[in-house]
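In case you want the letters, here they are:
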Amino acid sequence: MLEEAGEVLESVLKASCLPLSFLLFVPAVLLLLGPPPAAEAAHEFTVYRMQQYELGGQPYGTRNAVLNTEARTVEADVLSRRCVMMRLVDFSYEQYQKALRQSAGAVVIILPKAMSALPQDVVRQFMEIEPEMLAMETIVPVYFAVEDEELLSIYEQTRVASTSQGSASAAEVLLHTATANGFQMVTSGAQSKAVSDWLITSLEGRLTGLGGEDLPTIVIVAHYDSFGVAPWLSHGADSNGSGISGLLELARLFSRLYTYKRTHAGYNLLFFASGGGKFNYQGTKRWLEDNLDHTDSSLLQDNVAFVLCLDTLGRGNSLHLHVSKPPKEGTLQHAFLRELEMVVASQFPEVKFSMVHKKINLAEDMLAWEHERFAIRRLPAFTISHLESHRDGLRNSIMDLRSRVDSKTLTRNTRIIAEALTRVIYNLTEKGAPADLQIFTEQMQIQQEQLESVMDWLTSQPRAAQLVDKDSTFLNTLEYYMSRYLKDVKQHHVKADKRDPEFVFYDQLKQVMNAYRVKPAIFDLLLALCIVAYLGVAYVAVQVRKKELILLFIPFFKLSECMSQVRSSGIQVKLRV
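Keep in mind it's a predicted model, so treat the numbers as computed, not measured.

### Side note on the nonpolar core
Core analysis: the biggest nonpolar cluster contains 68 residues, and Tyr258, Leu310, Phe336, Leu421 and Leu478 have the highest contact counts within it. Among the elements that take part in this core, helix 7 (residues 237–257) stands out by supplying nine residues, more than any other. When residues no more than four places from it in sequence are discounted, the contact partners of Leu310 are Ile220, Val221, Ala222, Asn240, Gly243, Gly246, Leu247, Leu250, Ile384 and Ile417. With 49 residues, the next largest nonpolar core counts Leu79, Val140, Ile200 and Phe503 among its residues.

### Points about the side chain of His322
Within the secondary structure layout, His322 lies in strand 13 (residues 318–323). Within polar-contact distance, the side chain of His322 engages the backbone oxygen of Leu387 at 2.7 Å. Apart from residues no more than four positions distant in its own chain, His322 is found in contact with Val356, Trp369, His371, Phe382, Thr383, Ser385, Leu387, Glu388 and Ser389.

### Looking at the pattern of salt bridges
All chains considered together, the criterion is met by 22 salt bridges. Of the charged contacts in the structure, one is a salt bridge between Arg377 and Asp293, with a shortest N-O distance of 2.7 Å. Residue Arg377 is found in the loop between helix 10 (371–376) and strand 15 (381–385), and its partner Asp293 is found in the loop between helix 8 (282–292) and strand 12 (304–310); the two are separated by 84 residues along the sequence. When its relative accessible area of 31% is taken as the criterion, Arg377 is described as partly exposed. We note a salt bridge from Lys358 to Glu372, for which the minimum N-O separation is 3.7 Å. Placement of Lys358 in the loop between strand 14 (352–357) and helix 10 and of Glu372 in helix 10 is noted, with a sequence separation of 14 residues between them. When salt bridges that share partners are traced, they join Glu54, Arg63 and Glu137 into one network.

### Digging into the side chain of Ser226
Its place among the elements puts Ser226 in the loop between strand 10 (217–223) and helix 7. At a separation of 2.7 Å, a polar atom in the side chain of Ser226 contacts the main-chain carbonyl oxygen of Ser234. One polar contact links the side chain of Ser226 to the main-chain amide nitrogen of Ala464, over a distance of 3.3 Å. In contact with Ser226, not counting residues within four places along its chain, are Ser234, His235, Gly236, Ser239, Lys278, Pro462, Arg463, Ala464 and Ala465.

### Side note on the packing of helix 9 (residues 332–347) against helix 11 (residues 407–425)
Following both chains from N to C, one finds helix 9 and helix 11 inclined at 130°, their axes separated by 9 Å at the closest point. Comparing the axis directions of helix 9 and helix 11 gives the class oblique. In this structure, helix 9 crosses over helix 11, and the sense of that crossing is right-handed. For the pair helix 9 and helix 11, the contacting residues are Leu332, Ala335, Phe336, Glu339, Leu340, Met342, Val343, Val344 and Gln347 in the first and Arg415, Ile416, Ile417, Glu419, Ala420, Leu421, Arg423 and Val424 in the second.

### With respect to the environment of Arg315
Summarising the element assignment, Arg315 is placed in the loop between strand 12 and strand 13. Overall, the relative accessible area of 30% leaves Arg315 in the partly exposed class. Residues Arg315 and Lys408 lie 93 residues apart in sequence; the distance between their C-alpha atoms is 9.1 Å. Excluding its chain neighbours within four sequence positions, the residues that come into contact with Arg315 are Asp238, His386, Leu394, Arg404, Val405, Thr409 and Asn413. Within polar-contact distance, the side chain of Arg315 engages the backbone oxygen of Arg404 at 3.0 Å.

### As for the environment of Leu401
The residue Leu401 is located in the loop between strand 15 and helix 11 in this model. C-alpha separation for the pair Leu401 and Leu233, spaced 168 residues apart in sequence, amounts to 9.7 Å. Every residue in contact with Leu401, bar those within four places of it in the chain, is listed here: Met115, Ser116 and Ala237.

### Quick word on the sheet that holds strand 14
Here eight strands make up an open sheet; going across it, the order is 14-13-15-12-10-11-9-16 and the pairing mixed. Looking along the sheet, the strands with just one partner apiece sit at the ends: strand 14 and strand 16 (487–495). If you compare each strand with its neighbour and ignore which way they point, the axes differ by 20° on average. Alignment of strand 12 against strand 15, held across four bridges, turns out to be parallel. Within strand 15, the position partnered with Leu310 by the bridge is Ile384. Packing of helix 7 onto the sheet brings it into contact with strand 9 (199–207), strand 10, strand 11 (268–274) and strand 12, and relative to strand 10 it is tilted by some 145°.

### Topic: the packing of helix 12 (residues 448–458) against helix 13 (residues 473–485)
Where helix 12 meets helix 13, the closest approach of the two axes is 12 Å, and the angle between their N-to-C directions is 160°. Here helix 13 runs roughly antiparallel to helix 12, going by the angle between their axes. In the packing of helix 12 onto helix 13, the handedness of the crossing is left-handed. Counting all contacts with helix 12, which are made through Gln450, Ser453, Val454, Trp457 and Leu458, the residues of helix 13 involved are Phe474, Thr477, Leu478, Tyr481 and Tyr485. Considering only residue class, the contact of helix 12 with helix 13 consists of seven nonpolar, three polar and no charged.

The rules behind each value
Residues numbered from 1 in each chain as written. Predicted model: local features only at pLDDT ≥ 70, side-chain atom pairs only at ≥ 80, totals over all residues. Heavy atoms only, no water. Core = buried A, V, L, I, M, F, W, Y, C linked by side-chain atoms within 4.5 Å. Buried < 20%, exposed > 50% of the residue type's maximum accessible area, 1.4 Å probe, protein only. Helix = DSSP H or I, 4+ residues; strand = E, 2+ residues; numbered from the N terminus. Contact = heavy atoms within 4.5 Å. Polar contact = N/O pair within 3.5 Å; in protein donor to acceptor, adjacent residues only side chain to side chain. Salt bridge = Lys/Arg side-chain N within 4 Å of Asp/Glu carboxyl O. Axes fitted to C-alpha atoms, helices over the stretch in contact; angles between N-to-C directions. Parallel < 35°, antiparallel > 145°, perpendicular 65-115°, else oblique. Left-handed = near helix turned anticlockwise from the far one by under 90°. Pairing = 2+ DSSP bridges. Nonpolar A, V, L, I, M, F, W, Y, C, P; charged D, E, K, R; others polar.

What follows is the structure in structure tokens.
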């Protein structure tokens with residue numbers, strides 16, 4: 001009997017069991033009508049990796065480039081193996097250290113679109129933090145990204161999710177975690193590796209003096225490369241775009257003076273745009289070695305009057321002449337110092353001028369100023385800058401933007417240097433020229449428009465040493481500029497020794513990062529529990545319905561059995577309905 005009941009039940013279920021088939025049909029409908037897969041790409045944006053290099057065998061910056069981890073903000077309680085997102089306006093070194101202490105998987109710092117509009121306290125604070133970030137070796141990848149609407153939306157969603165975890169109850173955290181969207185941050189590039197055979201390129205050009213073979217030489221130097229916590233964000237406006245702009249303007253002015261015999265002076269002028277300045281002046285070091293140790297004919301081996309290095313000339317109302325050894329009276333170096341003081345005092349009284357004496361500390365990994373490279377080789381040299389200390393954060397910061405250079409200040413400082421140099425070269429003071437004599441006026445005046453044009457060009461591109469190769473458009477343009485005013489313009493290259501390299505650069509400094517919208521791992525667990533519960537309910541429903549149908553059909557089966565017995569005995573039974 002029960003077997004027959006089971007067969008009838010199966011046929012009934014197949015024919016018209018709507019509620020049970022509905023239970024099976026609903027999930028398929030929900031899957032079809034539901035949202036797209038949770039792991040669809042949310043946003044793609046460019047990121048710039050923190051510096052990675054070795055100098056003198058010492059590693060600096062981040063050591064990794066690969067990133068594939070879930071995003072959190074610093075407000076989250078647990079940052080381990082997470083990509084910690086921070087906004088620059090809220091950034092602090094303590095937060096950065098917190099992420100590293102908790103073994104974060106990566107750090108992404110979001111920069112505002114208008115960097116020049118940042119409050120000065122934020123700018124100054126970050127400039128102080130940058131050297132500390134680079135001084136320590138960081139295992140996790142550190143990236144910088146310029147904000148846009150979608151990236152800010154990702155940050156805000158992540159921040160809300162991170163904040164709620166610390167203030168809600170366990171049940172609320174569990175519910176919010178299960179329903180909230182997360183973001184998986186993934187970089188597209190490979191792991192970073194050392195770049196072999198990288199060349200640091202420098203440029204030199206000259207103006208030959210009028211007279212005999214043994215003329216004194218004045219060397220004018222400025223390094224062109226920039227530096228900051230991220231190479232692709234290092235535009236180096238003041239340091240040292242202003243120095244290169246001043247060098248090119250001086251080359252233009254003295255090329256005009258040296259064109260005419262009446263103003264052709266008895267000094268050789270050697271102009272040198274050095275590369276690798278931010279890496280302990282590697283270009284200058286090799287240039288000196290090539291000219292002093294490996295050749296018999298060089299202007300540097302002859303009578304060098306002094307070396308003038310130009311650095312950070314675009315701001316402030318002060319000028320400082322940095323020296324490793326105070327010049328002695330009667331020397332040309334002392335004459336230049338005296339002329340600088342005279343020009344400033346008589347023509348630019350608003351400028352505060354001073355000489356800053358600092359001995360060379362060979363125990364330090366980095367030299368303070370470029371003139372120290374020349375002083376080590378016993379060449380008289382000094383650096384002129386509006387900065388009083390070499391430790392000023394402006395010299396090595398991504399905050400050194402075009403807006404931080406005042407064109408009028410740069411024009412004024414270039415004129416001060418040009419006036420003092422001219423007075424020394426033509427010995428005007430000894431000839432009785434008044435202190436307030438203005439040499440560069442009218443057709444020979446300093447061209448502010450020219451300086452602005454050069455500054456705009458220099459700051460339109462990052463000039464980090466790792467990004468400027470020997471065939472770059474930047475170097476070709478710089479060589480063209482110098483060739484317009486100077487003779488014998490040529491390149492000098494520095495390549496690190498393979499056995500004992502003084503510097504090593506690494507690649508993967510610019511990558512594309514994808515933010516994928518994902519559900520957290522707890523969501524998968526809760527989803528699995530829901531599926532198990534649903535299947536359990538469906539199973540129970542089937543079993544209960546089966547029993548109900550069996551009980552419903554039992555009387556009919558009993559009646560059918562009785563009628564069969566009556567027929568078999570030949571008795572007719574009349575049923576009344």
